[in-house]
Amino acid sequence: AMPVYGGFIPSFCSSLVSLLHGSSTPAAVLAVYGNRHYDNALVQMDELLARQGFETKAAAALSARHSIFPSVASGRPDDEDREQARQFASMFDPQGKSVSSMLPGDRSADPSAFRGTPFHPEADERCTGCMRCVSVCPVSAISRENVRTSCKAVCISCGRCIVSCPAGARGYRGEEYRQSGEVFLKKNGERKENVFFPAAVQDRR
């Protein structure tokens, strides 16, 4: 399972796949996206795993609350999402056919084409310097010397530091962020349904 950013898998997730090794080993790939679209994430995951000796027997694109604009898909995953995920897991057949050819996306797309977002979390005066954000950041974008800001060149805007901050000090700020959030909500506020390959759970997209 991996998050989707700009239609691709974050580069640090791609590097982690190199630690996995299979021998025609069945796998299920799950792309979690913020209710916009999963674009090329599933085919990218499929190819990453294929190079490590895995065969994709099932795949899913799962909608969740957006990490940068949390008003989008707020409350997702909900009970319906969880029930669909349980059904999907219960029907996984390691002896089944590969779903690689079913997966939508552009296999020739270059993940480096996504240059990231201009928005990165920072802390306000409520920050106590507890270093919780430093310890949970998956890409080490927050330094102990300057704990209130995030290194823009490294931060992937996943929001983990925001939800982990015990003081509620971290967040996205600024007028540009507010305006962009309003536009994004208008374009992507409608509920997107989860998509499954094979369609073990009813696809209502």
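For the structure itself, look to the data block above.
In this report, we go over the structure that sits alongside the text. (Residues numbered from 1 in each chain as written. Predicted model: local features only at pLDDT ≥ 70, side-chain atom pairs only at ≥ 80, totals over all residues. Heavy atoms only, no water.)

## Examining the pattern of salt bridges
At step 1: This model, assessed by the stated rule, comprises 15 salt bridges.
At step 2: For Arg178, the salt bridge is made with Glu182, and the minimal N-O distance between the two is 2.5 Å. Here the residue Arg178 and the residue Glu182 both occupy positions in helix α6 (residues 175-188), the gap between them amounting to 4 residues, near one helical turn.
At step 3: The partly exposed category is assigned to Arg178, whose relative accessible area is 40%. (Salt bridge = Lys/Arg side-chain N within 4 Å of Asp/Glu carboxyl O. Helix = DSSP H or I, 4+ residues; strand = E, 2+ residues; numbered from the N terminus. Buried < 20%, exposed > 50% of the residue type's maximum accessible area, 1.4 Å probe, protein only.)

## A word on the nonpolar core
Most often, soluble globular proteins have nonpolar side chains that are buried together.
At step 1: Membership of the largest hydrophobic core comes to 23 residues, with the highest contact counts inside it found for Tyr38, Leu42, Ala59, Leu103 and Phe197.
At step 2: Here the element with the most residues in this core is helix α2 (residues 41-50); it accounts for 6 residues.
At step 3: Residues Val139, Ala141, Ile142 and Cys165 belong to the second largest nonpolar core, which totals 13 residues. (Core = buried A, V, L, I, M, F, W, Y, C linked by side-chain atoms within 4.5 Å.)

## As for α2
At step 1: Burial analysis of α2 places 8 of its 10 residues in the buried class, the great majority of the element.
At step 2: What α2 keeps buried is the set Ala41, Leu42, Val43, Gln44, Met45, Asp46, Leu48 and Leu49.
At step 3: In this structure, the buried residues of α2 make contact with β1 (2-3), α1 (11-17), β2 (25-33), β3 (54-63) and β6 (195-197). (Contact = heavy atoms within 4.5 Å.)

## Overview of the packing of aromatic side chains
At step 1: Considering all chains together, one arrives at 7 aromatic pairs under this definition.
At step 2: Ring plane angle 65° and centroid distance 5.7 Å describe the contact between Tyr33 and Tyr38, whose orientation is recorded as edge-to-face.
At step 3: Aromatic rings pair up to connect Phe69, Phe119, Tyr172, Tyr177 and Phe184 into one cluster. (Phe/Tyr/Trp six-rings, centres within 6.5 Å; stacked < 30°, edge-to-face > 60°.)

## Structural notes on the sheet that holds β6
The strands making up a sheet associate through backbone hydrogen bonding, with each pair oriented either parallel or antiparallel.
At step 1: Spatial ordering of the open sheet is given by β1-β2-β3-β6, a layout of 4 strands whose pairing is mixed. The outermost strands of the open sheet, each flanked by one partner alone, are β1 and β6.
At step 2: Seen against the sheet, α2 touches β1, β2, β3 and β6 and runs at an angle of roughly 150° to β2. (Pairing = 2+ DSSP bridges. Axes fitted to C-alpha atoms, helices over the stretch in contact; angles between N-to-C directions.)

## Quick word on unusual backbone geometry
At step 1: Backbone torsion omega between Arg76 and Pro77 reads -5°, so that peptide bond is classified as cis.
At step 2: As for its position among the elements, Pro77 is in the loop between β3 and α3 (79-90).
At step 3: Looking along the chain, the bond that leaves Phe197 and enters Pro198 is cis, with omega of -10°.
At step 4: Checked against the element boundaries, Pro198 lands in the segment after β6.
At step 5: Residue Met131 is not a glycine yet carries a positive backbone phi of 75°.
At step 6: Examined against the element boundaries, Met131 turns out to sit in the loop between β4 (122-123) and α4 (132-136).
At step 7: For Ser157, which is not glycine, the phi dihedral falls at a positive 60°.
At step 8: In this structure, Ser157 sits in the loop between α4 and α5 (160-164).
At step 9: When its relative accessible area of 0% is taken as the criterion, Ser157 is described as buried.

Just distances and angles here, no functional claims.
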